[in-house]
Amino acid sequence: KPMNCINYCEAMQFVTWLTNETGVSIRLASETEWVYAATNEGHSTYPWGDDNPTCDKAHLLSCEPREVLEVCSKNLNFETPPSTCELIGNLSEWVSDAYVPNFNNAPSNQASVNFEETACLEGLVIDEIDMTLGITKGGDWQSTQARARPNNRVPTPINVKSDRIGFRVARPIGF
């Protein structure tokens, strides 16, 4: 099953560890990169096309079983590569961006909106009282179709751990 019950800082600690282990630059995708992948490179509403989610394409609120599914269990007859399966449903995913309410000061190069340097330290949220917000994308097994749309932004405190939130790693092309 995919990794869940992990907060933002723990996800960042994992990608740092994986980068050190593999020698390949592993990271969380930026929100812009995540949306690009979840909309078939901007060509459709969802990874599989423009049709609304159904239980054969995405594991959402109306689908059985009422739990997290195995990785890529919904990668069925549409030609979605395994790296993008279940971008919609199953688990909401952390992206690397800090939450900002609008994009007025967002980077224009698809880079992440950066957190303060002190947000995380060695996998720990520095100030548990601080409600620093990250972003989760894609909806989960308890989400409605509306919440699971790729362009939906869910501001999420970075100290939240939930069986409904996980993450996906990004790496350079060719590795």
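Residues numbered from 1 in each chain as written. Predicted model: local features only at pLDDT ≥ 70, side-chain atom pairs only at ≥ 80, totals over all residues. Heavy atoms only, no water.

*Asks:* When you look at the sheet that holds strand β6 (residues 154-157) in this model, what are you seeing that I'm missing?
*Replies:* Strand-to-strand pairing in sheets goes through backbone hydrogen bonds, with the strands running parallel or antiparallel. With mixed pairing, the four strands of this open sheet are ordered in space as β6-β5-β2-β7. At either margin of the open sheet sits one strand with a lone partner, and together these are β6 and β7 (165-167). Averaged over neighbouring strand pairs, the angle between their axes works out to 50 degrees when direction is ignored. Here three bridges tie strand β2 (residues 92-98) to strand β5 (residues 133-137), and the two strands are oriented antiparallel to one another. Among the inter-strand pairings, E93 is bridged to a residue of β5, identified as K137. (Pairing = 2+ DSSP bridges. Helix = DSSP H or I, 4+ residues; strand = E, 2+ residues; numbered from the N terminus. Axes fitted to C-alpha atoms, helices over the stretch in contact; angles between N-to-C directions.)

*Asks:* Explanation requested: helix α1 (residues 8-22) in the structure shown.
*Replies:* Because each turn of an α-helix spans 3.6 residues, side chains separated by three or four positions in sequence point in the same direction. The end-to-end C-alpha distance of α1 is 21 Å, a good match for the 21 Å that 15 residues give at a rise of 1.5 Å each. Within α1, burial applies to Y8, C9, A11, V15 and L18. Two or three places before C9, at the start of α1, stands the capping residue N7, its side-chain oxygen 2.9 Å from that residue's backbone nitrogen. Positive backbone phi, at 75 degrees, marks G23, one or two positions downstream of α1. (Expected span 1.5 Å × (residues − 1). Buried < 20%, exposed > 50% of the residue type's maximum accessible area, 1.4 Å probe, protein only. Polar contact = N/O pair within 3.5 Å; in protein donor to acceptor, adjacent residues only side chain to side chain.)

*Asks:* Would you take a moment to explain the pairing of β2 for this structure?
*Replies:* On a regular strand, each side chain points to the face opposite its neighbour's, so the side chains alternate between the two faces of the sheet. Along β2, seven of the seven residues are buried, which leaves the element largely enclosed by surrounding structure. The alternating pattern of β2 places S92, W94, S96 and A98 on one face and E93, V95 and D97 on the opposite face, and all of these are buried. Judged from the three bridges that link them, β2 and β7 form a sheet pairing that is parallel. Bridge pairing in β7 places W94 opposite F167.

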